Amino acid sequence: MRRAVCPGSFDPITNGHLDIIARASRLYDEVYIAVMINKSKKGLFEIDERIELIREVTREYANVRVEAFHGLLVDFCKQRDIPAIVRGLRAVSDFDYELQMAQMNIGLTGVETLFVPTNPTYSFLSSSLVKEVAAWGGDVSHLVPAPVLAALNTRLRKD
């Protein structure tokens, strides 16, 4: 069974993330979405909320599994016998950072990294940008799936 992982904070998941996940799901038998837990950062959505949203918007992909993780991604991979990490690249600046991480990961445990160029439609897109625009009342409906848009609108009205 060919397995890969798509890691990230997914706070929130965007259409750019979904594009990478969909493409990875066609290449691998099982794709894990590893939702990073960073206790030093306060996200807009709690980990359980992110996982629920991701499961909802990836439901059509029968081979996608969603789990939280804390610690080194290579340990997550080793525990689940995952030999590959799939990372989307938006720009050259992403590559500089991701290449260092990929080299570290292969050096630590032999886990390979597959870089997937982002669909040009989403080349500017980030969760941080979505949150900022949404917080100021901007329209992000074309950048996130409908359930995420509803959750964003609910959350931002509360605060």
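Note: the structure precedes this text.
Source: prediction; values computed, not measured.

Undergrad: Help me understand the overall build of the chain in this model?
TA: Per the secondary structure count, the chain includes six helices and five strands. Long-range pairs, those at least 24 residues apart, make up 76% of the contacts in the chain with a sequence separation of at least 6. When the accessible surface of the chain is split by element, carbon and sulfur atoms take 53% of a total near 8900 Å². Treating the 19 positive side-chain charges of the chain as one cloud and the 20 negative ones as another, the clouds have centres 2 Å apart.

Undergrad: I keep staring at the nonpolar core and nothing clicks. Help me out?
TA: What tends to happen in soluble globular proteins is that the nonpolar side chains get buried as a cluster. In this structure, Ile13, Ile33, Val35, Val86 and Leu152 are the most contacted members of the largest nonpolar core, which totals 34 residues. A total of five residues in this core trace back to one element, the largest contributor, which is helix 2 (residues 47–57). Within the second largest apolar cluster, 11 residues are counted, among which are Phe69, Val74, Ile82 and Ile85.

Undergrad: Where do I start with the pairing of strand 2 (residues 30–36) in this structure?
TA: For a regular strand, the rule is simple: side chains alternate between the two faces of the sheet. Most of strand 2 is tucked away, with six of its seven residues classed as buried. Two elements, strand 1 (residues 3–8) and strand 2, share six bridges in a ladder whose sense is parallel. Counted as the bridge partner of Gly8 is Val35 from strand 2. Where strand 2 and strand 3 (residues 64–69) come together, six bridges link them in parallel fashion. Residue pairing across strands places Met36 opposite Phe69, the latter belonging to strand 3. Remark: the strand 2/helix 2/strand 3 crossover connection has right-handed handedness.

Undergrad: What am I meant to see in the environment of Ala150 here?
TA: Take Ala150: it is sitting in helix 6 (residues 146–158). In this structure the C-alpha to C-alpha distance between Ala150 and Ala134, which are 16 residues apart in sequence, comes to 11 Å.

Rules behind the numbers
Residues numbered from 1 in each chain as written. Predicted model: local features only at pLDDT ≥ 70, side-chain atom pairs only at ≥ 80, totals over all residues. Heavy atoms only, no water. Helix = DSSP H or I, 4+ residues; strand = E, 2+ residues; numbered from the N terminus. Contact = heavy atoms within 4.5 Å. Areas by Shrake-Rupley, 256 points an atom, 1.4 Å probe, with all protein chains shown as cover. Lys, Arg positive; Asp, Glu negative; His and termini not counted. Charge placed at Lys NZ, Arg CZ, Asp CG, Glu CD. Core = buried A, V, L, I, M, F, W, Y, C linked by side-chain atoms within 4.5 Å. Buried < 20%, exposed > 50% of the residue type's maximum accessible area, 1.4 Å probe, protein only. Pairing = 2+ DSSP bridges. Right-handed = clockwise from strand over helix to strand, strands pointing away.

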